[in-house]
Amino acid sequence: MTPPPARRRRAGAPERSYPRRGSVRRAQMITTYGVGSMVAVDNESFMVAGTDSWNISEAPTISEHRLARALGVKSFRLPPASDETSKDGVHVRRFPLWHSCPKCETLQHVRRFNSPPGKNECGDCEEDLVPSRFVMACGRGHIDDFPYWKWAHRGNRQEGDSGFCGGEMRLRTSGKTASLRSILVSCTCDVPEVSMEGAFSATALSGLKVFCSGKRPWLKDAPTDPCSERPRTLQRGSSVAWQPIVRTALSIPPYSEEHFTKLGAHLDDLRAMYERRDEHGIGVYLKVLGIERNYEFSAAKVIALLATENQEDAGSDGNVTVDGAFVRLRKQEYERLVEGRPESESDRQDHFVCEHPLSPADVLTPYGVTGPMLVKRLREVRALKSFSRVDTPETRTDVHEAALSLKELDWLPAMEVQGEGVFLRLDEQRLDSWARNAAVAARADRIRDNHARMLRERAQDSSTVPDSPASPRMILLHTLAHALINEWSLDGGYPAASLRERLYASEPMAGILICTATSDSAGSLGGLVAQGEPNRLKESLDSALDRARWCSADPLCVESEGSGVGGINMAACHACVLLPETSCEHNNGMLDRALLIGTPENPSIGFFSDALSS
């Protein structure tokens, strides 16, 4: 990222180069420091600018056609990288704009400090300026500087006072405590000095008649967006100041084959020709493209793929929602994982290799586990769709998604993870029989009711509340995935945060994929695939289930009637089955290890109770 200049360059003045002050990894531009987020660099703070300001001329294109269709774009781009002298790439803007000097304690807009060119320091004291710790934001994604003048003059100004008292603001820390009470704001107009205590309450800003400014500083020249949301005070580094909304998909055949990965975004042009029934044009198009790419494309393969897509679209009702599109993506992935795909000598570039284990899986029959598959090569694309502030997908169901740019772009920033995994399924007949147990259904109903109530409480419009996905099948698969990840983090040498679950829990699916979640070398060394061999998997199941029998928080944990946020867990805590949240698809919710191994009073409700007792 290239920091912006501290002040505007004069017309005709020579271009100055600014020293590189910090950098972030490309992958962090999707998950941590994406568009609209604030990045602390040394003693400065910047906000990542919108994608319409990025220079992507040399940024690699990432192809994942299924995900692109679901998100309504043509392609994805890896965030561009800049060298030491480059002025292109990902741009940033200074934010927040209010700074303070730790020596003279002046608090004001950064432009009023008369900083030397290329530096961010007080022109009088030559001390590095400190960006404001506090900002204000609303649930629609707008963000602005904290209204220090109104906060310092609250109770000391008349109605309609616009904020011009002629004084200068001061900010100091008493050092008596580490709380907000020790952060003191004052003005030289003789108003009493006030602390920042109480600034984070829900009504703190509305009580000052401070309304959302509608500003979107990450978007260049963005007009003020009229907004009626109540702003909240946030710390600059707060986790709710920026929450990414990321969508993911696995690369599966035929899109994972080299033949189609080389087509990339050209599939949209080919689809348009197919809709016009111009098969001859498709052949000519592919010949020209093949000459450019030095690759021989097969028109028959492309036409067959487009015909399959057309049949899928015709089979839908034509009003598929975004959520519905992702459900369809999961079903396609599940079918491919069940079917498998051996490595081909003719296509070493295939991103999807899924094979049956070498040894028979009979040893897993007592556990109700069928069809373990070794996913030796796997590619996952993660795209940054938008982001949210204040309200997150975990705190409100109808969260507002802030746009990444002012313009309608045909691409989104994304990253790809190539690794490996283990896929396993549970026996459908045994699963259905177990789920009909009254005690099992009662525990699942309690979790589902608590989850549904939490969703209603977090929604502004009760008619938009989605159904809770909690069912005996889903809770069992989810908890089993957590138990295996914890086991493999101990036995296989993987940090739990480097593994990730992918659940296939809606009927008629009943499977879990545990795969590597990082893009480093730990994701492709074969250690995870080795855990999927039946004999090794049996040992892992024995150990994981035995570990799940006892929790250091028992009997409180196993006897819990509801734990976690909103009571959407039962027998689950940090001492037994909870994981780092980056590894879990449902934020450590809807878990119950009692459905794995039963309870002391009723061991029969455990799906694996019979296997453990034999």
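In this text the structure is predicted, and so the values were computed from the model without any measurement.

Notes on the overall build of the chain
Scanning the chain from terminus to terminus reveals 15 helices and 20 strands. Among the 614 residues that make up the chain, the fraction classed as buried is 50%. For the chain, the share of sequence-separated contacts (at least 6 apart) that also reach a separation of at least 24 residues comes to 69%. Counting only carbon and sulfur atoms, one obtains 48% of the accessible surface of the chain, whose full area is about 29,000 Å².

Some words on the sheet that holds strand β2 (residues 44–48)
One open sheet holds the three strands; their spatial order is β1-β2-β5, and the pairing between them is antiparallel. Edge strands, defined here as strands with exactly one partner in the open sheet, are β1 (38–41) and β5 (92–94). Mean inter-strand twist for the sheet, computed between neighbouring axes without regard to direction, equals 40°. Where β1 and β2 come together, four bridges link them in antiparallel fashion. When the sheet's bridge partners are listed, Val39 is paired in β2 with Phe46.

So, a negative patch on the surface
The grouping of Asp42, Glu126, Glu127 and Asp128 at the surface amounts to a negative patch. Relative to the helices and strands, Asp42 is located in the loop between β1 and β2. Owing to a relative accessible area of 67%, Asp42 belongs among the exposed residues under this scheme.

Re helix α13 (residues 534–549)
In this model, α13 (16 residues) spans 22 Å end to end at C-alpha, consistent with the 22 Å of a helix rising 1.5 Å per residue. Within α13, the full set of buried residues consists of Pro534, Leu537, Ser540, Leu541, Ala544, Leu545 and Ala548. Relative to the axis of α13, the buried residues are bounded by an arc of 120° and lie together on one face. Among the structural elements, β17 (369–388), β18 (411–426), α11 (472–491), α14 (594–597) and α15 (609–613) are those in contact with the buried residues of α13.

Considering the nonpolar core
Core analysis: the biggest nonpolar cluster contains 49 residues, and Leu426, Leu480, Ile512 and Phe608 have the highest contact counts within it. Setting aside its immediate chain neighbours within four residues, Ile512 contacts Val422, Phe423, Leu424, Leu477, Leu480, Ala481, Leu484, Arg502 and Leu503.

Thoughts on the sheet that holds strand β14 (residues 232–235)
With respect to topology, three strands assemble into an open sheet ordered β10-β9-β14, the strand pairing being antiparallel. Each end of this open sheet is capped by a strand with a single partner; those strands are β10 (143–145) and β14. Between one strand axis and the next, the sheet turns through 40° on average, direction left out of account. For strand β9 (residues 134–137) and β14, the ladder comprises four bridges, and the chain directions are antiparallel. Within β14, the residue paired with Phe134 across the bridge is Gln235.

Topic: the packing of aromatic side chains
What characterises a pair of aromatic rings is the spacing of the ring centres plus the angle enclosed by the ring planes. Counting across every chain of the model gives 14 aromatic pairs. Measuring from ring centre to ring centre gives 6.3 Å for Phe134 and Phe146, while their planes differ by 55°; the resulting arrangement is tilted. A residue pair is termed long-range when its members are at least 10 positions apart, and Phe134 in strand β9 and Phe146 in the loop between β10 and α3 (148–152) qualify at twelve residues. Considered together, Phe134 and Phe146 belong to a single accessibility category, that of buried residues. Connected via pairs of aromatic rings, a cluster forms that spans Trp98, Phe134, Phe146, Tyr148, Trp151 and Phe200.

As for the environment of Cys122
One can find Cys122 in the loop between β7 (106–109) and β8 (130–131). Separated by 18 residues in sequence, Cys122 and Cys104 have C-alpha atoms that sit 8.8 Å apart. In this structure Cys122 touches Cys101, Cys104, Phe113, Glu127 and Leu129, once residues within four positions along its chain are discounted.

Quick notes on the packing of α11 against α13
Relative placement of two packed helices is described by the angle separating their axes and the distance separating the axes. Close contact between α11 and α13 brings their axes to 9 Å; oriented N to C, the two are set at 105°. Considered as vectors, α11 and α13 are oriented roughly perpendicular to each other. Seen from α11, the contacting residues are Leu480, Ala483, Leu484, Glu487, Trp488, Leu490 and Asp491; seen from α13, they are Arg536, Leu537, Ser540, Leu541, Ser543, Ala544 and Arg547. Broken down by class, the residue content of the contact of α11 with α13 amounts to eight nonpolar, two polar and four charged.

Here's the deal with empty space enclosed by the protein
Counted by the stated rule, this structure contains three cavities of 30 Å³ or more. By volume, the largest cavity is sized at about 100 Å³. Lining the largest cavity we find 14 residues, and of these Ser63, Glu64, His65, Phe260 and Gly264 sit closest to its centre. Breaking the lining of the largest cavity down by element, the ones donating at least two residues are α2 (65–71), β4 (75–77) and α4 (258–261). Grouping the constituent residues of the lining of the largest cavity by class yields seven nonpolar, five polar and two charged.

A word on the environment of Ala530
Relative to the helices and strands, Ala530 resides in helix α12 (residues 527–530). Residues Ala530 and Pro357, 173 residues apart in the sequence, show an inter-C-alpha distance of 9.4 Å.

Rules and cut-offs
- Residues numbered from 1 in each chain as written.
- Predicted model: local features only at pLDDT ≥ 70, side-chain atom pairs only at ≥ 80, totals over all residues.
- Heavy atoms only, no water.
- Helix = DSSP H or I, 4+ residues; strand = E, 2+ residues; numbered from the N terminus.
- Buried < 20%, exposed > 50% of the residue type's maximum accessible area, 1.4 Å probe, protein only.
- Contact = heavy atoms within 4.5 Å.
- Areas by Shrake-Rupley, 256 points an atom, 1.4 Å probe, with all protein chains shown as cover.
- Pairing = 2+ DSSP bridges.
- Axes fitted to C-alpha atoms, helices over the stretch in contact; angles between N-to-C directions.
- Patch = residues over 30% accessible without salt bridge, like charges linked within 9 Å, V, L, I, M, F, W, Y side chains within 5 Å.
- Salt bridge = Lys/Arg side-chain N within 4 Å of Asp/Glu carboxyl O.
- Lys, Arg positive; Asp, Glu negative; His and termini not counted.
- Charge placed at Lys NZ, Arg CZ, Asp CG, Glu CD.
- Expected span 1.5 Å × (residues − 1).
- Arc of directions from axis to C-beta.
- Core = buried A, V, L, I, M, F, W, Y, C linked by side-chain atoms within 4.5 Å.
- Phe/Tyr/Trp six-rings, centres within 6.5 Å; stacked < 30°, edge-to-face > 60°.
- Parallel < 35°, antiparallel > 145°, perpendicular 65-115°, else oblique.
- Nonpolar A, V, L, I, M, F, W, Y, C, P; charged D, E, K, R; others polar.
- 1 Å grid on protein atoms, 1.4 Å probe; cavity = no way out; pocket = protein on both sides within 12 Å on 5 of 7 lines; lining within 4 Å.
- Points joined across faces, edges and corners; volume = space filled by probe spheres on them.

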